[in-house]
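# Reading the structure
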Amino acid sequence: MKISFDTKLMPFDGCDPQLAVILINAARPGDPTPRLLAERWRGHLSKALFALPQVENHQLSAGAAQTGASYRAAIELGLGATALEDYIAQIRDEYSLDNSQIAVVGYAEGMTLALYYGLKQTQSLCAIIGFSGDMAGFADLRSEISSRPPVLLVHGEKDDVVLPGTFLNNYSRLSEADVPVTACFRPGLDHQVDDLGADSAMFFLQGAHGARGIRPLKKKTINEDVAKSIKLVIWDLDETLWQGTLDDADAITLHESRVEVIRRLNGSGVVSAICSKNDFETARKKLESLGLWDDFVFPRIAFVPKGAAIQALISDMQLKPKNCLFIDDNDINLAEAKAVLPDLHTLDAKDEMCDAFLARLVDAHAGVNKSRVEEYRSLQNRVTESQTFEGSRENFLHTCDIHVAIATSSDLIDFAPRIEELINRTNQLNYLKTRVEPGSMVNYVAEASLREGFALFAWDKFGYHGLVGFISAETETESMQHMAFSCRIMHMGIENVLLERAFQRFRNLQVPDSVPVKPEIPAWITVENFNAPGIRERILAEEKSIAAGNRDIRIRFMANCQSGIFCHYAGLRDVAEIDSMPRVFMMPHVLNKSYLQQHFPPALVYYIGTDFYNIMWPPELLGILDKGLYEVCATEFCEYLKANGNRMLLITSPSGVEPSDFLVIRGVTKERMEAMSAVWRKLAANYDCIDLMDVDSFLSPDLAADSTHFRVEASREIAGRIADWYKALPSTLFEPQLALAG
């Protein structure tokens, strides 16, 4: 056998190579596969020299059997290995390389030579990659090999030249000899190399080369910014989640501290997935027996290269690599994943800093009390069904039964922490790239006269997805301030629905040109009323905010868009119901007696500002509203409260603030405010069930956002006085009232 120089492709940057990739295609001089591979890989391995030797073997004719049977004789005599050694020695000498900088790639018969040569080297090669070939020349592989470089075998399921059984035998023999072997088995592929197989080999080669210089995790990488950015942890299993391997399942010992990390992260909004080279059913059964299977989402358990597997996993979860952490005990797997996804955070499971970083990760998310496991499992089910659905994306979405509901105004208080998390943790679908200070969102949504927000909740046949979108804008300028969505709802049209709702409120909403979303409601989405029976209760329960139907409601805040903020700052949300348009009580309800169908708990807080607007009253009665009609309504309601044993705290409006033109044209005049306030002062003097909070007695005019709304500082002060009033109420007020015998 003779091997001579044919072609060398030098590094793109013109510098001396740091890696030499030898592509062997023995007995196939006219096959372009090695050249195509070299050209495909060059752009991703810019420091590599690609050498394509000319193999001349007089024992093999052009029509020799492709099983490698004729070629095995040459290998057994050592002719091929000797010739290849001489060829590679010239490259080593010319470019000052050692074996750790040499990778051998073989296709068909070339794979046989690549494995025989590479495993016989005393100093381990960087890597061996074999496409669609056989392994021969070894009687006892374990005892005859001199080194154990990382090996990748790529093979097609329908290869009728080198049968899949041969591939499996090669893989088993290498594994049993403790050679670190990875498989890329291509469904439906015959005796050739396809794009995915070529790319998997390239990423494997990047990982193997990168692992040469891999360093332990440095302390400087363990910081709050990295820890807080993580949304997903991807775990290897063998020698990472447990000590031992599934090949000897009885010897497995769990890393209990890492299991605790997974469960604590699950409770703090950070989910865990699996990427492991194992048999899927074997791994699943073991995890189920350990009670761990349900702690993971998106398991990727198969004998495939990890770089491509992790890339697909992160894509399916609609996350960004920079928000993900991969933990593995194998340097090559870590380097390969990093080569495929440079922004991915990686952690060596063997490194002494691994568990220290995991502890830091848990601490960074300790303030979040929200599991997203079920939400991602719903996404997993949707992705799985989508991948098998035969039809268009739009037709698939029609089958998903997607529902959304939108909360606004006072109701946003219940979800302020989640809104804040959505804005600060969202990158891909944070269209304005905004961030907010921790703990500030309650105050932000509290001043409804200055800005208005819209929070969207979604669910479909796969499950409940939660609060997945938020938009807000300034009321005066109609300029958008926030627009953020969870990546879990990408490509479903949900962004369009919420933007459509924002345009219903702000006709001239100022949307930046950079926002690629049209306001519309796709035909496959059903928009539910947030206040409809069962909808709000389900959302509150799912979000673990307030389970409205299962509580002892003792007080109701009836202040429309300010109900939530008064209730929140008063610290009474656990025993309170809050009003928010259209779920409100107001004095006009007395006219048609609809108030008699409402539920009024023992204690009530009512803000007079709700009644000032023309839109609240029948147009034909506006002329007599301030001439006795309002007093009639208020008096009837006081009689109702007196008869039913309720107590109500009436909050006045700030009299020292002139109504703006915007409010005046809506009926909020100085005269109306004074007249209605006078009515309540009179009623408070005549009814023991009415207590009056005169805000003029303790608030300066500058603490009012306008004549009907308060600034956050004022709301805090009002809420504190509400809390004092509530605590001073007699306990008998909350005792069940016994019906009198007839």
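Let us now look at unusual backbone geometry. The linkage connecting Met581 with the following residue, Pro582, adopts the cis geometry, with an omega of 5°. The residue Pro582 is located in the loop between β21 (576-578) and β22 (603-607) in this model. Positive phi, normally seen in glycine, also occurs at Ala108, with a value near 60°. Assignment of secondary structure puts Ala108 in the loop between β4 (102-107) and α4 (109-120). Among the residues examined, Ala108 registers a relative accessible area of 3% and is labelled buried. Unlike most non-glycine residues, Asp178 shows phi in positive territory, near 65°. Structurally, Asp178 is set in the loop between α6 (164-176) and β7 (181-186).

Here we take up the packing of helix α1 (residues 33-42) against helix α7 (residues 195-211). With their axes 10 Å apart at the nearest point, α1 and α7 run at an angle of 60° to one another. Judged on the interaxial angle alone, α7 and α1 are oblique. The way α1 lies across α7 gives a crossing that is right-handed. Here α1 contributes Leu37, Arg40 and Trp41 to the contact with α7, which in turn contributes Asp195, Ala198, Asp199, Ala201, Met202 and Leu205. Of the residues in the contact of α1 with α7, the class split is 6 nonpolar, no polar and 3 charged.

Before going further, it helps to examine the nonpolar core. Residues Phe557, Met587, Phe637, Met648, Trp680 and Ile718 are the most contacted members of the largest nonpolar core, which totals 96 residues. Of the residues forming this core, the biggest block, 9 residues, is contributed by helix α21 (residues 622-644). Among all residues touching Phe557, those that are not within four sequence positions of it are Ser563, Phe566, Cys567, Ala570, Leu572, Ala576, Glu577, Ile578, Asp579, Val605 and Ile722. Counting residues in each nonpolar core, the second largest holds 89 residues, with Val21, Leu429, Phe462 and Ala473 among its members.

Take the environment of Tyr613 next. If you trace the backbone, Tyr613 turns up in the loop between β22 and α21. When its relative accessible area of 15% is taken as the criterion, Tyr613 is described as buried. For the pair formed by Tyr613 and Leu125, sequence separation is 488 residues and the distance between their alpha carbons is 82 Å. For Tyr613, the residues in contact, after removing those within four places along its chain, are Leu663, Arg666, Val668, Arg672, Thr708 and His709. Among the polar contacts made by the side chain of Tyr613, one reaches the side chain of Thr708 at a distance of 2.9 Å.

Let us look at the side chain of Thr434. Counting through the fold element by element, Thr434 comes out in the loop between α16 (416-425) and α17 (441-446). Here the side chain of Thr434 touches His482 through a polar contact of 2.8 Å, side chain to side chain. Those residues in contact with Thr434 that sit more than four places away from it in its chain are Ile423, Gln481 and His482.

Turning our attention to the packing of aromatic side chains. The tally for this structure, following the rule as stated, stands at 23 aromatic pairs. Where Phe454 meets Phe506, the ring centres are 6.4 Å apart and the plane angle is 85°; that geometry is what we call edge-to-face. Note that Phe454 is positioned in strand β16 (residues 451-460) and Phe506 in the loop between α18 (494-505) and β19 (525-528), a separation of 52 residues in sequence. Of the two residues examined, Phe454 and Phe506, each falls in the buried class. Between Tyr595 and Tyr640, the aromatic rings sit 5.3 Å apart at their centres with planes inclined by 85°, giving edge-to-face as the arrangement.

Mapped onto the secondary structure, Arg573 falls in the loop between α20 (563-570) and β21. Within the local environment of Arg573, its side chain forms a polar contact with the backbone oxygen of Ala576, the two atoms lying 2.7 Å apart.

What follows deals with helix α23 (residues 670-686). The end-to-end C-alpha distance of α23 is 25 Å, a good match for the 24 Å that 17 residues give at a rise of 1.5 Å each. The set of residues buried in α23 consists of Lys670, Arg672, Met673, Met676, Ser677, Val679, Trp680, Leu683 and Ala684. The inward-facing, buried residues of α23 abut α21, β23 (647-651) and β24 (690-693).

Quick notes on the rules
Residues numbered from 1 in each chain as written. Predicted model: local features only at pLDDT ≥ 70, side-chain atom pairs only at ≥ 80, totals over all residues. Heavy atoms only, no water. Helix = DSSP H or I, 4+ residues; strand = E, 2+ residues; numbered from the N terminus. Buried < 20%, exposed > 50% of the residue type's maximum accessible area, 1.4 Å probe, protein only. Axes fitted to C-alpha atoms, helices over the stretch in contact; angles between N-to-C directions. Parallel < 35°, antiparallel > 145°, perpendicular 65-115°, else oblique. Left-handed = near helix turned anticlockwise from the far one by under 90°. Contact = heavy atoms within 4.5 Å. Nonpolar A, V, L, I, M, F, W, Y, C, P; charged D, E, K, R; others polar. Core = buried A, V, L, I, M, F, W, Y, C linked by side-chain atoms within 4.5 Å. Polar contact = N/O pair within 3.5 Å; in protein donor to acceptor, adjacent residues only side chain to side chain. Phe/Tyr/Trp six-rings, centres within 6.5 Å; stacked < 30°, edge-to-face > 60°. Expected span 1.5 Å × (residues − 1).

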